[in-house]
Amino acid sequence: MRRATITRDTSETQIEVELNLDGTGKYDNQTGVGFFDHMLDQLSRHALIDLTVRAKGDLHIDDHHTVEDTGIAIGQALTRALGDKKGIRRYGSFHLAMDDALVRAALDLSARPFLVWNVDFPTQKIGTFDTELVREFFQALSTHGGITLHVDRLHGVNSHHLAEAAFKAVARALREAVEPDPRMAGVLPSTKGAL
């Protein structure tokens, strides 16, 4: 069973994440940050990963710690659920079109975290949500999930569409990467002997 539960408890946030890599995209995400919940729902649905997040953070300060620490916890859950990574595809990529926005995501579940982020937002806010937090989430996810992740804005003029396209593109790439490869059953997808 490729499942994991992670609890992260700090002076800034209390977060619990439940994740099932072999799910159907069911989600129940409650972070106290409405737009972020919407993005996590997209991540779950389009990756076909069941995801439940409960987060309580210092929202009286801002949304930063809640968003970043949720990314940390989801990354840790992903790493735990993947186990030794034998038999997975490892790589994934996707071009996601959403109205004016076109975003490309490519990733490698390499255990070598690296984020290349080429997504500029035309506005600093989406409602009350700081657009810079989209990158912060993916930085935390990449670092704690051991993911080499490239995300590029190819087109787009609407910040909401760009953010949503980024989450959906990463979700579809992740879906591909975590899938079992029937030609590599029980085999590590690396010549190094370890990931």
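Structure first, text after, so check above.
Just so you know, these numbers come straight off a predicted model, no measurement behind them.

About the thresholds
- Residues numbered from 1 in each chain as written.
- Predicted model: local features only at pLDDT ≥ 70, side-chain atom pairs only at ≥ 80, totals over all residues.
- Heavy atoms only, no water.
- Helix = DSSP H or I, 4+ residues; strand = E, 2+ residues; numbered from the N terminus.
- Expected span 1.5 Å × (residues − 1).
- Buried < 20%, exposed > 50% of the residue type's maximum accessible area, 1.4 Å probe, protein only.
- Phe/Tyr/Trp six-rings, centres within 6.5 Å; stacked < 30°, edge-to-face > 60°.

Engineer: Outline helix α1 (residues 34-47), listing residues and values.
Structural biologist: Given a rise of 1.5 Å per residue, 14 residues ought to cover 20 Å, and the 20 Å separating the end C-alpha atoms of α1 matches this to within 8%. Most of α1 sits inside the fold, with ten of its 14 residues counted as buried. Where α1 is concerned, the buried positions are F35, F36, D37, M39, L40, D41, Q42, L43, S44 and A47. Positive backbone phi, at 55°, marks L48, one or two positions downstream of α1.

Engineer: Tell me what's going on with the packing of aromatic side chains, and back it up with residues and numbers.
Structural biologist: Taken as a whole and judged by the stated rule, the model has six aromatic pairs. Aromatic pair F35 and F129: ring centres 5.1 Å apart, planes at 50°, arrangement tilted. One end of the pair, F35, is in helix α1; the other, F129, is in strand β9 (residues 129-130), and 94 residues separate them in sequence. Residues F35 and F129 agree in their burial class; the two are buried. Relative to F137, the ring of F36 has its centre 5.5 Å away and its plane inclined at 70°; by these criteria the two rings are edge-to-face.

Any functional reading would require information beyond the geometric quantities listed.
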